[in-house]
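For reference, the chains in residue letters:
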Amino acid sequence: MATYRIRHCEQLSGEVSIHTAKNAVLPLLCAALLTREPITIERVPMLTDVETLLEILSECGVNISRNGDELTLWSDEPQSPTSENLLARMRASVLVMGPLLARTGYARVALPGGCAIGQRPIDLHLKGMQALGAEVHLTPGSVTLQGTLHGGNVYLDFPSVGATENILLAAVLAKGSTRIENAAKEPEIIDLCAFLNDMGAKISGGGTGTIFVEGRESLHGCTYRPIPDRIEAGTILCASAMTEGSVLLRGARPDHMRALLFKLGETGVTLRESPAGLRLTGRASQPIQVRTLAYPGFPTDMQAPMMALSLCLRGTSVFLETIFENRFMHAREMVRLGANIRIEDRIALVNGGHALAGTTVSSTDLRGGAAMMLSGLVAEGETVLLDPAGHIARGYENLPGMLRSLGADVTVEEIPGEEIHG
Ligand code: UD1
């Protein structure tokens, strides 16, 4: 449970280093279920989503050893997790399904609970496992899969990130070759493919719409440093643009952020890439049109922080959310600060450029919570951001500290308590 206090800030300036990507690390940790040899992941970010997944993996029989921010994991005899409560707390926990099934021929997992940002079904994950030869039994609240996996052809009706990862994590140990068509192309998928290949897998086509996997009898251990977090980097860039700041991001990968960087450029700010990092300077003034899409389109995870930025842009900005059906909850909270936003189904119209006034608002979900922290930076006076479910700390390692190091006045009070994850 956390309460943040954010005071109006004139201008952000300075440098920050970008942490490792949460969405890259989570599937890598699940790959520990694929081999008895140790895998070591470097620079693991300190996030509650990582801790929750480690608890789940530990229930699955994975041994975990920590050395600073380096984690080493290995599993002699993996098994299905027993506590449904933990799985229901976090959607990415469904990624234990593919590797457990491939390694042991059996997996039973609780169905991830409905998440605040949409229904988020797992039908594409199950369709993929069936194509690899698994029998699927759905019971209320859980799913059981069994069978010796063989290669297969999978077509995803939508390029789902999670389904592509789960199928990859299964196909690497299936007998024969697998083809995943309409696969997700996110940088996190390319990273997972590179990591699995370091473990001895044979995957080609990662990052394109068709991925080929030649199944292996066994995989071995490896040491790996995952990619930096493009969403954390984008969130800091939005904060800088909102305050007419000058911020240097160290360790970001601009090549993973093209759609966002083009949109930021359209607002009028200047972006410069150099060996030192990615620098944003100048004033964001022009309203924008954003349509969220699968990669390389504009990421849905950046929609909320970008909406916070649009509050500072004079004129009407338009947001079309095509990935999740309920991802404008933060707009209601922005209105509490005085923002002028109209929602029509999956479209949000933001009439920006008006003064905002600090008040008490809530963190509605992970990215929505971060967007509210950004909004507080430009609201007059003090904004109190309530985050009883701990959404922000799920996916940002010390966001208040990063903003403080750039000159913002953001404090946090942590009250110990049970967290409820979406
Ligand atoms: C991942 C990211 C999340 C990001 C999302 C979209 C992680 C841990 N999370 O989530 O931050 O917002 O990608 O970029 O990496 N769908 C189905 N059936 C399925 C699976 C998905 O209909 O079996 C739908 C979802 O309801 C949603 C869309 O596909 O509308 C995208 O979901 P997906 O790409 O699977 O997102 P996640 O992997 O859950």
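Conventions we followed
Numbers given to residues run from 1 along each chain, matching the order in which its sequence is written. Restriction of local features to residues with pLDDT of at least 70 applies here, the model being predicted, together with a cutoff of 80 or more for giving and counting side-chain atom pairs; totals for whole chains, interfaces and linings are based on all residues. Computation of side-chain values: all heavy atoms of the structure, hydrogens and water removed. Think of it this way: any DSSP run of H or I at least four residues long counts as a helix, any run of E at least two long counts as a strand, and we number them from the N terminus. It only takes one pair of heavy atoms within 4.5 Å for two residues to be counted as in contact. Working definition: rings of Phe, Tyr and Trp (its six-membered ring) pair if their centres are within 6.5 Å, and the pair is stacked with planes under 30 degrees apart, edge-to-face with planes over 60 apart, and tilted otherwise. Burial status follows relative accessibility: with a 1.4 Å probe on protein chains alone, a residue under 20% of its type maximum counts as buried, one over 50% as exposed, and anything between as partly exposed. Any two strands with at least two DSSP bridges between them are considered paired. Between N-to-C directions, angles cover 0 to 180 degrees, with each direction set by a line fitted to C-alpha atoms, over the stretch in contact for helices. What makes a nonpolar core is a set of buried Ala, Val, Leu, Ile, Met, Phe, Trp, Tyr and Cys residues whose side-chain atoms join them at distances within 4.5 Å. When describing relative orientation, an angle under 35 degrees is termed roughly parallel and one over 145 degrees roughly antiparallel, while 65 to 115 degrees is termed roughly perpendicular and anything else oblique. Crossing chirality is assigned from the near helix's rotation relative to the far helix, an anticlockwise turn below a right angle marking it left-handed and a clockwise turn marking it right-handed. Proximity criterion: a residue is near a molecule or strand once any of its heavy atoms comes within 4 Å of it. Any pair of N or O atoms that falls within 3.5 Å is considered a polar contact. Within protein, one atom must be able to donate a hydrogen and the other to accept it, and sequence-neighbouring residues count only if both atoms are side-chain atoms. Computed with the Shrake-Rupley method and a 1.4 Å probe, the accessible areas treat only the protein chains shown as cover for residues. Only Asp, Glu, Lys and Arg are considered charged, only Ala, Val, Leu, Ile, Met, Phe, Trp, Tyr, Cys and Pro nonpolar, and every remaining residue, Gly among them, polar.

1. Concerning the environment of Lys 22
No. 1: Tracing the backbone shows Lys 22 in helix 1 (residues 22-30).
No. 2: Sequence-wise, Lys 22 and Ile 231 are 209 residues apart; in three dimensions their C-alpha atoms are separated by 9.3 Å.
No. 3: With residues up to four places along the chain from it excluded, the contact list for Lys 22 reads Leu 47, Asp 49, Asp 229, Leu 366, Arg 367, Arg 394 and Gly 395.

2. Description of the packing of aromatic side chains
No. 1: Summed over all chains, the structure comprises 1 aromatic pair.
No. 2: With 5.3 Å between their ring centres and 70° between their planes, Phe 195 and Tyr 224 make a pair best called edge-to-face. With Phe 195 in helix 7 (residues 187-198) and Tyr 224 in strand 13 (residues 222-224), this residue pair connects regions lying 29 residues apart in the sequence. Residue Phe 195 shares its accessibility class with Tyr 224, and that shared class is buried.

3. With respect to the sheet that holds strand 13
Sheets are built from strands that pair by backbone hydrogen bonding, the pairs being arranged parallel or antiparallel.
No. 1: The strand order across the open sheet formed by 4 strands is 4-5-3-13, and the pairing between neighbours is mixed. Each edge of the open sheet is held by one strand with a lone partner, namely strand 4 (63-67) and strand 13. Going from strand to strand, the sheet's axes swing by 15° on average, the running direction of each strand aside.
No. 2: As judged from the 5 bridges shared by strand 4 and strand 5 (residues 70-74), these two strands associate in the antiparallel manner. In the sheet register, Arg 66 faces strand 5, and the bridge partner there is Leu 71.
No. 3: Where helix 2 (residues 48-59) meets the sheet, its contacts fall on strand 4 and strand 5, and the angle it forms with strand 4 comes to roughly 140°.
No. 4: Strands in contact with helix 7 are strand 3 (39-41) and strand 13; relative to strand 13, the strand with the most contacts, it is inclined by about 155°.

4. A closer look at helix 5 (residues 123-131)
No. 1: Restricting attention to buried positions, one finds in helix 5 the residues Leu 124, His 125, Leu 126, Gly 128 and Met 129.
No. 2: In this structure, the buried residues of helix 5 make contact with helix 4 (97-104), strand 7 (135-139), strand 8 (142-146), strand 9 (153-155) and helix 6 (161-171).
No. 3: The positive-phi residue at the C-terminal boundary of helix 5 is Gly 133, with phi of around 100°.

5. A short note on unusual backbone geometry
No. 1: For the bond running from Tyr 295 to Pro 296, omega is 10°, close enough to zero to count as cis.
No. 2: The residue Pro 296 is located in the loop between strand 17 (289-291) and helix 10 (303-310) in this model.
No. 3: Phi is positive for Asn 398, close to 55°, though the residue is something other than glycine.
No. 4: Take Asn 398: its relative accessible area is 45%, and that puts it in the partly exposed class.

6. Quick look at the nonpolar core
No. 1: With 71 residues, the main nonpolar core has Leu 29, Leu 73, Leu 168, Phe 195 and Leu 196 as its most contacted residues.
No. 2: Tallying contributions element by element places helix 6 first for this core, with 6 residues.
No. 3: In this view, Leu 168 contacts Ile 180, Ile 189, Leu 192, Cys 193, Leu 196, Ile 203, Ile 211 and Val 213; residues no more than four positions away in its chain are not counted.
No. 4: Ranked by size, the runner-up nonpolar core spans 67 residues in total, among them Ala 304, Ile 341, Leu 356 and Leu 366.

7. Points about the packing of helix 4 against helix 6
No. 1: Across the interface, helix 4 lies against helix 6 with an axial gap of 7 Å and an inter-helix angle of 15°. Overall, the two elements helix 4 and helix 6 adopt an arrangement that is roughly parallel. Both helix 4 and helix 6 take part in a crossing whose hand is right-handed. Each of Met 97, Gly 98, Pro 99 and Ala 102 in helix 4 lies in contact with helix 6, whose residues at this interface are Asn 166, Leu 169 and Ala 170.

8. What about the sheet that holds strand 20 (residues 347-352)?
No. 1: Taken in spatial order, the 4 strands make up an open sheet running 17-18-20-19, and their pairing is mixed. Two strands in the sheet have a free side with no partner beyond their single neighbour: strand 17 and strand 19 (340-344). Taking the axes of each pair of neighbouring strands and ignoring which way they run, one obtains an average angle of 15° across the sheet.
No. 2: For strand 17 and strand 18 (residues 315-320), the ladder comprises 3 bridges, and the chain directions are parallel. Across the sheet, Gln 289 pairs through a bridge with Val 318, a residue of strand 18.

9. Quick notes on the site of the ligand
No. 1: Near the ligand, the surroundings consist of 18 residues, among which Asp 123, Leu 124, Ser 160, Asp 301 and Ile 323 are the closest.
No. 2: Residue Gly 162 places a main-chain N or O atom 2.8 Å away from an oxygen atom belonging to the ligand.
No. 3: In this structure, Asp 301 approaches the ligand through a side-chain N or O atom, which is 2.6 Å from an oxygen atom.
No. 4: Here the ligand has 740 Å² of accessible area as a free molecule, and 86% of this is covered by the chains.
No. 5: Secondary-structure elements contributing two or more residues to the shell around the ligand are helix 5 and helix 6.
No. 6: The element best represented in the shell around the ligand is helix 5, accounting for 3 residues.
No. 7: Looking at the shell around the ligand residue by residue, the classes come out as 8 nonpolar, 5 polar and 5 charged.

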